[in-house]
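Each chain is listed here by its residues.
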Amino acid sequence: MNGVCGSFSIFSSAHYLVTKDEDYLWWAFALPLAGLMFDFFDGKVARWRNSSSLLGQELDSLADLISFGVAPAVLAFTVGLRTYLDTVCLTGFICCGLARLARFNATVALVPTDGTGKARYFEGLPIPSSLGLVAVLSYWARQGWVEGKAGIPGGLVTLWGPSGGRGDLHPVSILFGLWAAAMVSKTLRVPKP
């Protein structure tokens, strides 16, 4: 269900781009949060049943990539981060989320655990933390700070070439790049709740 929510969020973003019907945009913002609830529920059920599998672990990571990697990047594109350099930052964000999940799956057994066998910390930001970015984008939409209305906060800068070309960048897209770097960081350790 986590993956379903992420997929529907992506398609809702696409519907908004085609129709400009804001109901689709609000669904696109809400669905990754619903995906998080299903992600938590899945973990609770696995712990309650005291069972896990390699297939379940992989499915969980793939669903997380859709809901917390691809869907937030598509939402950022939807609200207005659409320049060539913006999409480079957003693609980097998705790929770092992918790398973070793959590394987690490959190294989860190496992370120190507490007495119950639960890992003590996350190495790098967990990918569901990207819902913080979704919350920021949602706030912007509520304020009208989206493409076609008041515009993206921070405006647009041209790093090279003519305005309107490949050298244009919304400075806020760098936030996605920094978030991506935090997800793949080997030195950032986030304590598990």
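Rules behind the numbers
Here the residue index of a chain counts from 1 through its sequence in written order. With pLDDT at 70 or above as the cut-off, local features in this predicted model cover only qualifying residues; side-chain atom pairs require 80 or more to be listed or tallied, and sums for whole chains, interfaces and linings still use all residues. Computation of side-chain values covers all heavy atoms of the structure but excludes hydrogens and water. UniProt positions are given in the numbering used here, feature names are shortened, and annotations may be inferred rather than shown by experiment. Secondary structure follows DSSP: runs of H or I at least 4 residues long count as helices, runs of E at least 2 residues long count as strands, and numbering of each begins at the N terminus. Here the expected length of a helix is defined as 1.5 Å per residue gap, with one fewer gap than residues. Categorising residues by exposure relies on relative accessible area from a 1.4 Å probe, with only protein chains included: less than 20% of the type maximum marks a residue as buried, more than 50% marks it as exposed, and the intermediate range marks it as partly exposed. Residues count as neighbours in contact if any of their non-hydrogen atoms are within 4.5 Å of one another. Among the buried residues, those of types Ala, Val, Leu, Ile, Met, Phe, Trp, Tyr and Cys that are joined through side-chain atoms within 4.5 Å form a nonpolar core. Counted as a polar contact is a pair of N or O atoms within 3.5 Å, where, for protein atoms, one must be capable of donating a hydrogen and the other of accepting one, and residues adjacent in sequence contribute only when both atoms are in side chains. A residue counts toward a patch only above 30% relative accessible area and without a salt bridge, and it is joined to like-charged neighbours within 9 Å or, for Val, Leu, Ile, Met, Phe, Trp and Tyr, to nonpolar neighbours within 5 Å. Using a 1.4 Å probe, accessible areas were evaluated by the Shrake-Rupley method; residue-level cover was limited to the displayed protein chains. Only one rule defines a salt bridge in this text: a Lys or Arg side-chain nitrogen within 4 Å of an Asp or Glu carboxyl oxygen.

- Named according to an unreviewed UniProt entry, the chain is CDP-diacylglycerol--serine O-phosphatidyltransferase originating from Paxillus rubicundulus Ve08.2h10.
- Listed under Catalytic activity (unreviewed entry) in UniProt, the entry text for the chain is "a CDP-1,2-diacyl-sn-glycerol + L-serine = a 1,2-diacyl-sn-glycero-3-phospho-L-serine + CMP + H(+)".
- Heading Sequence similarities (unreviewed entry) of the UniProt record for the chain holds this comment: "Belongs to the CDP-alcohol phosphatidyltransferase class-I family."

Some words on helix H4 (residues 84–107)
- Given a rise of 1.5 Å per residue, 24 residues ought to cover 34 Å, and the 34 Å separating the end C-alpha atoms of H4 matches this to within 8%.
- Taken together, the buried positions of H4 are Leu85, Asp86, Cys89, Leu90, Phe93, Gly97, Arg100, Leu101, Arg103 and Asn105.
- Among the structural elements, helix H3 (54–79), strand E1 (121–123), helix H5 (131–143), strand E3 (168–169) and helix H6 (173–184) are those in contact with the buried residues of H4.

Observations regarding the nonpolar core
- Grouped together as the largest cluster of nonpolar side chains are 30 residues, with contacts concentrated most on Phe29, Leu137 and Phe176.
- Breaking this core down by element, the ones donating at least two residues are helix H2 (22–49), H3, H4, H5 and H6.
- Ignoring sequence-local partners within four residues, the contact set of phenylalanine 176 consists of Pro72, Ala76, Leu81, Leu90, Phe93, Leu133 and Leu137.

What about the side chain of serine 67?
- Take serine 67: it is sitting in helix H3.
- Judged by relative accessible area, serine 67 falls into the buried class, the value being 0%.
- Within polar-contact distance, the side chain of serine 67 engages the backbone oxygen of asparagine 2 at 2.6 Å.
- Leave out the neighbours within four places in its chain, and serine 67 touches Asn2, Gly3, Cys5, Gly6, Pro32 and Pro72.

Examining a nonpolar patch on the surface
- There is a patch of nonpolar side chains on the surface, built from Met1, Val4, Phe8 and Phe38 and spanning about 400 Å² of accessible area.
- Mapped onto the elements, methionine 1 comes out in the segment before helix H1 (2–19).

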